[in-house]
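# Architecture at a glance
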There are 2 protein chains.
Amino acid sequence: MDMTRKLTAAAERLFDRHGYMATGMDRLTEAAGMSSRTLYKHVGSKAQLMARVLTERDRRFMARIEVRSVDALFAALEDWVRVEGTRGCLFLRSSAETGGDTPEIAEAVAAHKAAFHRRIEEVVAADLEREDPVLAEQVLVLLEGATHAAVYRGADAVSAARAAAGILTERART
Amino acid sequence: MDMTRKLTAAAERLFDRHGYMATGMDRLTEAAGMSSRTLYKHVGSKAQLMARVLTERDRRFMARIEVRSVDALFAALEDWVRVEGTRGCLFLRSSAETGGDTPEIAEAVAAHKAAFHRRIEEVVAADLEREDPVLAEQVLVLLEGATHAAVYRGADAVSAARAAAGILTERART
DNA sequence: GCCAATGTAAAACGTTCGTTTTACACTGCA
DNA sequence: TGCAGTGTAAAACGAACGTTTTACATTGGC
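This write-up is about the structure you can find in this document.

Time to look at the overall build of chain A. Counting its regular elements, chain A contains 9 helices and 0 strands. Ordered by position from the N terminus, the helices and strands of chain A form the series α-α-α-α-α-α-α-α-α. Across the 174 residues in chain A, those meeting the buried criterion constitute 53%. Long-range contacts, defined as pairs at least 24 residues apart, comprise 67% of the intrachain contacts of chain A with a sequence gap of at least 6. Accessible surface for chain A amounts to roughly 7,900 Å². Of this, 50% is attributable to carbon and sulfur atoms.

For the rest of this paragraph, the subject is the interface of chain B and chain A. Each side of the interface is counted separately: chain B has 36 residues, and chain A has 36 residues. When the two sides are added together, the surface that chain B and chain A hide from each other amounts to roughly 2,900 Å², 70% of it contributed by carbon and sulfur. Summed over the three residues of chain B that lose the most area to chain A, namely B:V141, B:Y152 and B:R153, the buried surface amounts to 20% of that side. Between the two partners, chain B and chain A, sit 2 salt bridges.

Attention now moves to the protein's contact with DNA strand D. Around DNA strand D there are 17 residues in total, and A:M25, A:Y40, A:K46, B:S35 and B:T38 lie nearest to it. A distance of 3.3 Å is found between a phosphate oxygen of DNA strand D and a side-chain nitrogen or oxygen belonging to A:D26. At the level of secondary structure, the elements contributing two or more residues to the surface near DNA strand D comprise helix 2 (25–32) and helix 3 (36–43) of chain A together with helix 3 (36–43) of chain B. A total of 4 residues in the surface near DNA strand D trace back to one element, the largest contributor, which is helix 3 of chain B. Of the residues assigned to the surface near DNA strand D, the class counts are 4 nonpolar, 9 polar and 4 charged.

With respect to spatial proximity, 17 residues lie near DNA strand C, and among them A:T38, B:M25, B:S36, B:Y40 and B:K46 are the closest. For DNA strand C, the backbone makes up 55% of the atoms found within 4 Å of the protein, where backbone means sugar plus phosphate. In this structure, B:Y40 approaches DNA strand C through a side-chain N or O atom, which is 2.7 Å from a phosphate oxygen. B:K46 has a polar side-chain atom sitting 2.4 Å from a phosphate oxygen of DNA strand C. Residue contributions to the surface near DNA strand C peak at 4 residues, all from helix 3 of chain A.

In this section: the relation of the copies chain B and chain A. When chain B is fitted onto chain A, the two copies agree to an RMSD of 0.0 Å after a turn of 180 degrees and an axial shift of 0.0 Å. Accordingly, the operation relating the two chain copies is best matched by a two-fold axis. No C-alpha of chain B lies nearer the rotation axis than that of B:G145, which sits 1.6 Å from it. Here 100% of the interface residues in chain B have copies in chain A that are interface residues too; the copies meet face to matching face.

Residue and element names in this part refer to chain A. Across the interface, helix 4 (residues 46–64) lies against helix 5 (residues 70–84) with an axial gap of 9 Å and an inter-helix angle of 140 degrees. With respect to helix 5, the element helix 4 is oriented oblique. Residues R57, R60, F61 and R64 of helix 4 form the contact with helix 5, whose participating residues are A76, D79, W80, V83 and E84. Among the residues forming the contact of helix 4 with helix 5, the class breakdown is 4 nonpolar, no polar and 5 charged.

Looking at the largest pocket, its volume works out to about 430 Å³. If you go around the largest pocket, you meet 28 residues; those closest to its centre are A:L92, A:R93, B:L92, B:R93 and B:A96. Here the lining of the largest pocket is built from residues that sort into 8 nonpolar, 12 polar and 8 charged. Here the second largest pocket is characterised by a volume of approximately 180 Å³. What lines the second largest pocket is B:T4, B:R5, B:T8, B:A9, B:E12, B:R13, B:R52, B:E56 and B:R60. Taken together, the elements giving at least two residues each to the lining of the second largest pocket come down to helix 1 (3–18) and helix 4 (46–64) of chain B. Looking at side-chain class alone, the lining of the second largest pocket contains 1 nonpolar, 2 polar and 6 charged residues.

Moving on, we come to unusual backbone geometry. Residue and element names in this part refer to chain A. Phi is positive for E129, which is not a glycine, with a value near 60 degrees. Within the secondary structure, E129 is located in the loop between helix 7 (103–128) and helix 8 (133–153). By relative accessible area, E129 is classed as exposed at 75%.

Parameters at a glance
- Residues numbered from 1 in each chain as written.
- Chains lettered and ligands numbered in written order.
- Predicted model: local features only at pLDDT ≥ 70, side-chain atom pairs only at ≥ 80, totals over all residues.
- Heavy atoms only, no water.
- Helix = DSSP H or I, 4+ residues; strand = E, 2+ residues; numbered from the N terminus.
- Buried < 20%, exposed > 50% of the residue type's maximum accessible area, 1.4 Å probe, protein only.
- Contact = heavy atoms within 4.5 Å.
- Areas by Shrake-Rupley, 256 points an atom, 1.4 Å probe, with all protein chains shown as cover.
- Buried area = accessible area lost by both parts, 1.4 Å probe.
- Salt bridge = Lys/Arg side-chain N within 4 Å of Asp/Glu carboxyl O.
- Near = heavy atom within 4 Å.
- Polar contact = N/O pair within 3.5 Å; in protein donor to acceptor, adjacent residues only side chain to side chain.
- Nonpolar A, V, L, I, M, F, W, Y, C, P; charged D, E, K, R; others polar.
- Least-squares fit on C-alpha atoms with pLDDT ≥ 70 in both.
- Axes fitted to C-alpha atoms, helices over the stretch in contact; angles between N-to-C directions.
- Parallel < 35°, antiparallel > 145°, perpendicular 65-115°, else oblique.
- 1 Å grid on protein atoms, 1.4 Å probe; cavity = no way out; pocket = protein on both sides within 12 Å on 5 of 7 lines; lining within 4 Å.
- Points joined across faces, edges and corners; volume = space filled by probe spheres on them.

Here you go:
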(Lines give C-alpha, C1' and ligand atoms only; values in the text may rest on other atoms or scores of the structure.)
Protein backbone atom coordinates (compact mmCIF):
# COMPACT_ATOMS: atom_id res chain seq x y z
CA MET A 1 0.00 0.00 0.00
CA ASP A 2 1.43 3.34 -1.03
CA MET A 3 1.57 5.40 2.15
CA THR A 4 2.32 8.65 0.38
CA ARG A 5 -0.75 8.43 -1.82
CA LYS A 6 -3.00 7.60 1.11
CA LEU A 7 -1.53 10.48 3.08
CA THR A 8 -1.89 12.95 0.24
CA ALA A 9 -5.50 11.97 -0.36
CA ALA A 10 -6.41 12.25 3.32
CA ALA A 11 -4.60 15.57 3.61
CA GLU A 12 -6.35 17.00 0.56
CA ARG A 13 -9.71 16.14 2.03
CA LEU A 14 -8.94 17.70 5.42
CA PHE A 15 -7.20 20.81 4.05
CA ASP A 16 -10.06 21.37 1.64
CA ARG A 17 -12.79 20.89 4.21
CA HIS A 18 -11.31 22.67 7.25
CA GLY A 19 -8.52 24.82 5.88
CA TYR A 20 -4.74 24.47 5.95
CA MET A 21 -4.03 26.27 9.21
CA ALA A 22 -6.97 24.76 11.09
CA THR A 23 -5.89 21.20 10.29
CA GLY A 24 -3.43 19.87 12.87
CA MET A 25 -0.86 17.16 12.29
CA ASP A 26 -2.62 14.81 14.69
CA ARG A 27 -5.76 14.95 12.56
CA LEU A 28 -3.65 14.22 9.49
CA THR A 29 -1.84 11.24 11.02
CA GLU A 30 -5.12 9.85 12.30
CA ALA A 31 -6.87 10.25 8.94
CA ALA A 32 -3.95 8.75 7.04
CA GLY A 33 -3.61 5.90 9.56
CA MET A 34 0.09 6.38 10.17
CA SER A 35 2.44 7.59 12.86
CA SER A 36 3.80 11.11 12.80
CA ARG A 37 7.30 9.68 12.40
CA THR A 38 6.32 8.00 9.14
CA LEU A 39 4.53 11.11 7.97
CA TYR A 40 7.58 13.28 8.48
CA LYS A 41 9.85 10.73 6.83
CA HIS A 42 7.63 10.81 3.75
CA VAL A 43 6.83 14.48 3.31
CA GLY A 44 9.23 16.43 5.52
CA SER A 45 6.88 19.09 6.80
CA LYS A 46 3.30 20.31 6.81
CA ALA A 47 4.02 22.89 4.13
CA GLN A 48 5.62 20.29 1.88
CA LEU A 49 2.60 18.06 2.42
CA MET A 50 0.36 20.87 1.26
CA ALA A 51 2.61 21.41 -1.76
CA ARG A 52 2.21 17.71 -2.64
CA VAL A 53 -1.54 18.00 -2.26
CA LEU A 54 -1.62 20.98 -4.59
CA THR A 55 0.64 19.35 -7.19
CA GLU A 56 -1.51 16.23 -7.19
CA ARG A 57 -4.69 18.31 -7.41
CA ASP A 58 -3.22 20.28 -10.29
CA ARG A 59 -2.50 17.02 -12.11
CA ARG A 60 -6.07 15.80 -11.60
CA PHE A 61 -7.68 19.10 -12.53
CA MET A 62 -5.57 19.75 -15.59
CA ALA A 63 -6.34 16.26 -16.87
CA ARG A 64 -10.03 17.12 -16.73
CA ILE A 65 -9.67 20.21 -18.88
CA GLU A 66 -7.78 18.55 -21.70
CA VAL A 67 -10.47 19.65 -24.12
CA ARG A 68 -10.79 21.38 -27.47
CA SER A 69 -13.68 23.81 -27.03
CA VAL A 70 -14.58 26.58 -24.63
CA ASP A 71 -17.92 24.97 -23.90
CA ALA A 72 -16.18 21.74 -22.92
CA LEU A 73 -14.16 23.71 -20.35
CA PHE A 74 -17.37 24.60 -18.54
CA ALA A 75 -18.77 21.10 -18.92
CA ALA A 76 -15.58 19.87 -17.26
CA LEU A 77 -16.03 22.38 -14.46
CA GLU A 78 -19.60 21.19 -13.95
CA ASP A 79 -18.28 17.66 -13.54
CA TRP A 80 -15.53 18.85 -11.25
CA VAL A 81 -17.81 20.65 -8.80
CA ARG A 82 -20.22 17.73 -8.86
CA VAL A 83 -17.41 15.40 -7.77
CA GLU A 84 -15.27 17.69 -5.63
CA GLY A 85 -17.88 20.01 -4.18
CA THR A 86 -18.03 23.80 -4.10
CA ARG A 87 -15.56 25.17 -1.62
CA GLY A 88 -13.74 27.55 -3.93
CA CYS A 89 -10.25 27.22 -5.36
CA LEU A 90 -7.92 25.36 -2.98
CA PHE A 91 -4.90 26.97 -4.64
CA LEU A 92 -6.01 30.54 -4.02
CA ARG A 93 -7.30 29.62 -0.59
CA SER A 94 -4.05 28.09 0.64
CA SER A 95 -2.07 30.93 -0.85
CA ALA A 96 -4.27 33.45 0.96
CA GLU A 97 -4.17 31.50 4.22
CA THR A 98 -0.39 31.67 4.27
CA GLY A 99 -0.19 35.22 2.95
CA GLY A 100 2.06 33.94 0.17
CA ASP A 101 4.83 33.58 2.75
CA THR A 102 5.30 29.81 2.49
CA PRO A 103 7.58 29.22 -0.51
CA GLU A 104 6.58 25.60 -1.23
CA ILE A 105 2.92 26.57 -1.32
CA ALA A 106 3.40 29.83 -3.19
CA GLU A 107 5.37 28.02 -5.89
CA ALA A 108 2.81 25.25 -6.33
CA VAL A 109 0.03 27.83 -6.64
CA ALA A 110 1.93 29.98 -9.11
CA ALA A 111 2.75 26.95 -11.25
CA HIS A 112 -0.87 25.83 -11.30
CA LYS A 113 -2.30 29.22 -12.18
CA ALA A 114 0.24 29.74 -14.93
CA ALA A 115 -0.59 26.33 -16.42
CA PHE A 116 -4.30 27.04 -16.03
CA HIS A 117 -4.00 30.32 -17.92
CA ARG A 118 -1.91 28.72 -20.64
CA ARG A 119 -4.40 25.90 -21.08
CA ILE A 120 -7.28 28.31 -21.49
CA GLU A 121 -5.40 30.22 -24.15
CA GLU A 122 -4.79 26.93 -25.97
CA VAL A 123 -8.43 25.87 -25.79
CA VAL A 124 -9.62 29.26 -27.01
CA ALA A 125 -7.14 29.10 -29.89
CA ALA A 126 -8.28 25.60 -30.82
CA ASP A 127 -11.94 26.62 -30.68
CA LEU A 128 -11.59 29.82 -32.74
CA GLU A 129 -8.76 28.46 -34.89
CA ARG A 130 -6.83 31.60 -33.97
CA GLU A 131 -5.37 33.11 -30.84
CA ASP A 132 -7.60 35.47 -28.87
CA PRO A 133 -6.02 36.52 -25.56
CA VAL A 134 -8.91 38.86 -24.79
CA LEU A 135 -11.50 36.10 -24.99
CA ALA A 136 -9.14 33.83 -23.06
CA GLU A 137 -8.96 36.33 -20.22
CA GLN A 138 -12.74 36.54 -20.15
CA VAL A 139 -13.08 32.77 -20.11
CA LEU A 140 -10.55 32.60 -17.27
CA VAL A 141 -12.56 35.17 -15.31
CA LEU A 142 -15.77 33.20 -15.92
CA LEU A 143 -14.20 29.93 -14.79
CA GLU A 144 -12.74 31.54 -11.68
CA GLY A 145 -16.03 33.29 -11.03
CA ALA A 146 -18.09 30.13 -11.45
CA THR A 147 -15.80 28.30 -9.03
CA HIS A 148 -16.19 30.93 -6.33
CA ALA A 149 -19.81 31.95 -6.92
CA ALA A 150 -20.75 28.27 -6.71
CA VAL A 151 -19.73 28.36 -3.04
CA TYR A 152 -22.92 30.26 -2.21
CA ARG A 153 -24.95 30.15 -5.44
CA GLY A 154 -24.52 26.47 -6.16
CA ALA A 155 -24.23 24.80 -9.55
CA ASP A 156 -26.38 27.52 -11.16
CA ALA A 157 -23.31 29.72 -11.13
CA VAL A 158 -21.48 27.30 -13.40
CA SER A 159 -24.37 27.08 -15.88
CA ALA A 160 -24.63 30.86 -15.95
CA ALA A 161 -20.91 31.12 -16.68
CA ARG A 162 -21.22 28.48 -19.37
CA ALA A 163 -24.00 30.38 -21.12
CA ALA A 164 -22.08 33.64 -20.89
CA ALA A 165 -18.97 32.02 -22.35
CA GLY A 166 -21.09 30.65 -25.20
CA ILE A 167 -22.28 34.11 -26.13
CA LEU A 168 -18.81 35.66 -25.91
CA THR A 169 -17.24 32.85 -27.92
CA GLU A 170 -19.88 33.02 -30.64
CA ARG A 171 -19.39 36.74 -30.91
CA ALA A 172 -15.61 36.30 -31.20
CA ARG A 173 -15.95 33.65 -33.89
CA THR A 174 -17.03 36.09 -36.62
CA MET B 1 -10.27 58.27 19.86
CA ASP B 2 -12.61 55.38 19.19
CA MET B 3 -10.78 52.22 20.22
CA THR B 4 -13.20 49.86 18.52
CA ARG B 5 -12.77 51.53 15.16
CA LYS B 6 -8.98 51.51 15.45
CA LEU B 7 -9.04 47.86 16.44
CA THR B 8 -11.37 46.87 13.63
CA ALA B 9 -9.27 48.68 11.06
CA ALA B 10 -6.03 47.09 12.28
CA ALA B 11 -7.65 43.67 12.43
CA GLU B 12 -9.01 43.97 8.90
CA ARG B 13 -5.57 44.79 7.60
CA LEU B 14 -3.90 41.86 9.38
CA PHE B 15 -6.63 39.31 8.65
CA ASP B 16 -6.64 40.34 5.01
CA ARG B 17 -2.88 40.26 4.61
CA HIS B 18 -1.97 37.15 6.62
CA GLY B 19 -5.22 35.24 7.05
CA TYR B 20 -7.55 34.81 10.00
CA MET B 21 -5.98 31.74 11.58
CA ALA B 22 -2.39 32.89 11.06
CA THR B 23 -3.00 36.17 12.85
CA GLY B 24 -2.46 35.87 16.60
CA MET B 25 -4.04 38.04 19.27
CA ASP B 26 -0.68 39.50 20.24
CA ARG B 27 -0.22 40.85 16.73
CA LEU B 28 -3.71 42.32 16.89
CA THR B 29 -3.19 44.01 20.25
CA GLU B 30 0.16 45.38 19.13
CA ALA B 31 -1.23 46.72 15.84
CA ALA B 32 -4.25 48.25 17.56
CA GLY B 33 -2.08 49.71 20.31
CA MET B 34 -4.14 48.34 23.17
CA SER B 35 -3.94 45.72 25.89
CA SER B 36 -5.56 42.33 25.41
CA ARG B 37 -7.85 43.09 28.33
CA THR B 38 -9.27 46.13 26.53
CA LEU B 39 -9.56 44.15 23.30
CA TYR B 40 -11.61 41.43 24.95
CA LYS B 41 -13.78 43.96 26.76
CA HIS B 42 -14.62 45.54 23.41
CA VAL B 43 -15.13 42.59 21.10
CA GLY B 44 -15.47 39.46 23.26
CA SER B 45 -13.48 37.02 21.16
CA LYS B 46 -11.37 36.62 18.06
CA ALA B 47 -14.32 35.27 16.08
CA GLN B 48 -16.50 38.21 17.07
CA LEU B 49 -13.70 40.55 16.05
CA MET B 50 -13.64 38.94 12.62
CA ALA B 51 -17.42 39.26 12.42
CA ARG B 52 -17.10 42.99 13.15
CA VAL B 53 -14.41 43.30 10.50
CA LEU B 54 -16.65 41.62 7.94
CA THR B 55 -19.71 43.69 8.85
CA GLU B 56 -17.71 46.89 8.54
CA ARG B 57 -16.20 45.73 5.24
CA ASP B 58 -19.66 44.86 3.94
CA ARG B 59 -20.83 48.39 4.82
CA ARG B 60 -17.89 49.94 2.97
CA PHE B 61 -18.14 47.67 -0.06
CA MET B 62 -21.89 47.93 -0.45
CA ALA B 63 -21.64 51.73 -0.28
CA ARG B 64 -19.30 51.61 -3.25
CA ILE B 65 -21.70 49.66 -5.43
CA GLU B 66 -24.69 51.92 -4.91
CA VAL B 67 -24.92 52.46 -8.65
CA ARG B 68 -27.51 52.34 -11.42
CA SER B 69 -25.77 50.53 -14.28
CA VAL B 70 -23.96 47.24 -14.76
CA ASP B 71 -20.93 49.04 -16.15
CA ALA B 72 -20.74 51.19 -13.02
CA LEU B 73 -20.54 47.99 -10.95
CA PHE B 74 -17.29 47.08 -12.66
CA ALA B 75 -15.99 50.62 -12.47
CA ALA B 76 -16.61 50.44 -8.74
CA LEU B 77 -14.73 47.15 -8.55
CA GLU B 78 -11.81 48.70 -10.42
CA ASP B 79 -11.70 51.44 -7.79
CA TRP B 80 -12.04 48.89 -5.00
CA VAL B 81 -9.09 46.75 -6.07
CA ARG B 82 -7.02 49.86 -6.67
CA VAL B 83 -7.61 50.95 -3.07
CA GLU B 84 -7.87 47.60 -1.28
CA GLY B 85 -5.55 45.45 -3.35
CA THR B 86 -6.13 42.06 -4.93
CA ARG B 87 -6.18 39.35 -2.32
CA GLY B 88 -9.53 37.80 -3.22
CA CYS B 89 -12.80 38.00 -1.32
CA LEU B 90 -12.20 38.26 2.44
CA PHE B 91 -15.70 36.90 3.10
CA LEU B 92 -15.20 33.68 1.16
CA ARG B 93 -11.66 33.36 2.46
CA SER B 94 -12.60 33.60 6.13
CA SER B 95 -15.53 31.28 5.61
CA ALA B 96 -13.25 28.71 3.98
CA GLU B 97 -10.55 29.12 6.63
CA THR B 98 -13.01 28.22 9.34
CA GLY B 99 -14.81 25.55 7.32
CA GLY B 100 -18.08 27.37 7.98
CA ASP B 101 -17.91 26.12 11.58
CA THR B 102 -17.66 29.49 13.30
CA PRO B 103 -21.24 30.81 13.58
CA GLU B 104 -20.43 34.53 13.92
CA ILE B 105 -18.29 34.41 10.80
CA ALA B 106 -20.60 32.17 8.79
CA GLU B 107 -23.53 34.51 9.50
CA ALA B 108 -21.63 37.64 8.51
CA VAL B 109 -20.55 36.00 5.26
CA ALA B 110 -24.02 34.72 4.43
CA ALA B 111 -25.54 38.15 5.10
CA HIS B 112 -22.99 39.85 2.88
CA LYS B 113 -23.35 37.46 -0.03
CA ALA B 114 -27.15 37.63 0.12
CA ALA B 115 -27.03 41.44 0.08
CA PHE B 116 -24.46 41.35 -2.73
CA HIS B 117 -26.67 39.14 -4.87
CA ARG B 118 -29.72 41.30 -4.16
CA ARG B 119 -27.86 44.47 -5.08
CA ILE B 120 -26.74 43.02 -8.40
CA GLU B 121 -30.30 42.06 -9.25
CA GLU B 122 -31.40 45.61 -8.46
CA VAL B 123 -28.68 47.17 -10.59
CA VAL B 124 -29.46 44.88 -13.52
CA ALA B 125 -33.16 45.71 -13.19
CA ALA B 126 -32.42 49.43 -13.12
CA ASP B 127 -30.12 49.19 -16.13
CA LEU B 128 -32.48 47.10 -18.29
CA GLU B 129 -35.64 48.65 -16.85
CA ARG B 130 -36.83 45.09 -16.22
CA GLU B 131 -35.77 42.19 -14.06
CA ASP B 132 -33.32 39.70 -15.58
CA PRO B 133 -32.14 37.09 -13.04
CA VAL B 134 -30.13 35.26 -15.69
CA LEU B 135 -28.06 38.30 -16.57
CA ALA B 136 -27.76 39.10 -12.85
CA GLU B 137 -26.26 35.66 -12.19
CA GLN B 138 -23.79 36.18 -15.03
CA VAL B 139 -22.82 39.60 -13.70
CA LEU B 140 -22.35 38.09 -10.24
CA VAL B 141 -20.09 35.41 -11.68
CA LEU B 142 -18.08 38.02 -13.57
CA LEU B 143 -17.65 40.19 -10.47
CA GLU B 144 -16.62 37.21 -8.37
CA GLY B 145 -14.32 36.01 -11.13
CA ALA B 146 -12.69 39.39 -11.57
CA THR B 147 -12.06 39.60 -7.83
CA HIS B 148 -10.33 36.23 -7.72
CA ALA B 149 -8.61 36.25 -11.09
CA ALA B 150 -7.13 39.64 -10.17
CA VAL B 151 -5.11 37.88 -7.45
CA TYR B 152 -2.79 36.46 -10.12
CA ARG B 153 -3.82 38.26 -13.32
CA GLY B 154 -3.93 41.78 -11.89
CA ALA B 155 -6.26 44.58 -12.86
CA ASP B 156 -6.57 43.23 -16.42
CA ALA B 157 -8.98 40.65 -15.07
CA VAL B 158 -11.36 43.38 -13.97
CA SER B 159 -11.24 45.14 -17.36
CA ALA B 160 -11.87 41.83 -19.11
CA ALA B 161 -14.88 41.19 -16.90
CA ARG B 162 -16.14 44.70 -17.53
CA ALA B 163 -15.96 44.25 -21.28
CA ALA B 164 -17.68 40.87 -21.07
CA ALA B 165 -20.46 42.32 -18.94
CA GLY B 166 -20.92 45.11 -21.48
CA ILE B 167 -21.48 42.62 -24.28
CA LEU B 168 -23.89 40.49 -22.24
CA THR B 169 -25.86 43.52 -21.04
CA GLU B 170 -26.14 45.00 -24.53
CA ARG B 171 -27.39 41.67 -25.83
CA ALA B 172 -29.96 41.45 -23.06
CA ARG B 173 -31.20 44.96 -23.66
CA THR B 174 -32.95 44.15 -26.95
C1' DG C 1 20.63 -15.71 10.96
C1' DC C 2 21.28 -11.02 10.48
C1' DC C 3 21.23 -6.43 8.94
C1' DA C 4 18.90 -2.70 6.95
C1' DA C 5 14.69 -0.80 6.05
C1' DT C 6 10.20 0.49 7.36
C1' DG C 7 6.74 0.69 10.25
C1' DT C 8 4.17 1.87 15.09
C1' DA C 9 3.16 3.99 19.72
C1' DA C 10 3.88 7.50 22.72
C1' DA C 11 6.28 10.84 25.17
C1' DA C 12 8.67 15.02 24.96
C1' DC C 13 10.49 19.25 22.67
C1' DG C 14 9.84 24.37 23.05
C1' DT C 15 6.55 27.57 21.21
C1' DT C 16 2.39 29.72 20.49
C1' DC C 17 -2.50 29.73 20.80
C1' DG C 18 -6.92 32.32 22.66
C1' DT C 19 -8.36 33.87 26.89
C1' DT C 20 -8.40 35.29 31.84
C1' DT C 21 -6.42 37.24 35.84
C1' DT C 22 -3.84 40.22 38.91
C1' DA C 23 -2.29 44.64 40.10
C1' DC C 24 -2.12 49.31 39.16
C1' DA C 25 -2.73 54.28 36.87
C1' DC C 26 -5.42 57.77 35.05
C1' DT C 27 -9.64 60.33 34.07
C1' DG C 28 -14.05 63.05 34.90
C1' DC C 29 -18.00 63.71 37.35
C1' DA C 30 -20.69 63.73 41.97
C1' DT D 1 -12.71 63.86 48.28
C1' DG D 2 -14.03 59.80 46.42
C1' DC D 3 -15.65 56.55 43.41
C1' DA D 4 -16.83 54.43 39.03
C1' DG D 5 -15.14 53.86 34.58
C1' DT D 6 -11.60 52.90 31.43
C1' DG D 7 -7.28 52.08 30.34
C1' DT D 8 -2.28 49.54 30.60
C1' DA D 9 1.34 45.98 31.62
C1' DA D 10 2.39 41.50 32.38
C1' DA D 11 1.90 37.07 34.18
C1' DA D 12 -0.63 32.92 34.02
C1' DC D 13 -4.03 29.55 32.15
C1' DG D 14 -4.47 24.92 29.96
C1' DA D 15 -4.56 23.39 25.43
C1' DA D 16 -2.81 22.74 20.96
C1' DC D 17 0.77 23.68 17.66
C1' DG D 18 4.60 21.44 14.38
C1' DT D 19 8.36 18.60 15.03
C1' DT D 20 11.76 15.31 17.10
C1' DT D 21 13.02 11.57 19.88
C1' DT D 22 13.00 7.21 22.28
C1' DA D 23 11.98 2.50 22.28
C1' DC D 24 10.30 -1.33 19.98
C1' DA D 25 7.97 -4.62 16.24
C1' DT D 26 7.83 -6.40 11.72
C1' DT D 27 9.53 -7.43 7.35
C1' DG D 28 12.55 -9.16 3.08
C1' DG D 29 16.91 -10.16 0.88
C1' DC D 30 21.83 -11.58 1.21
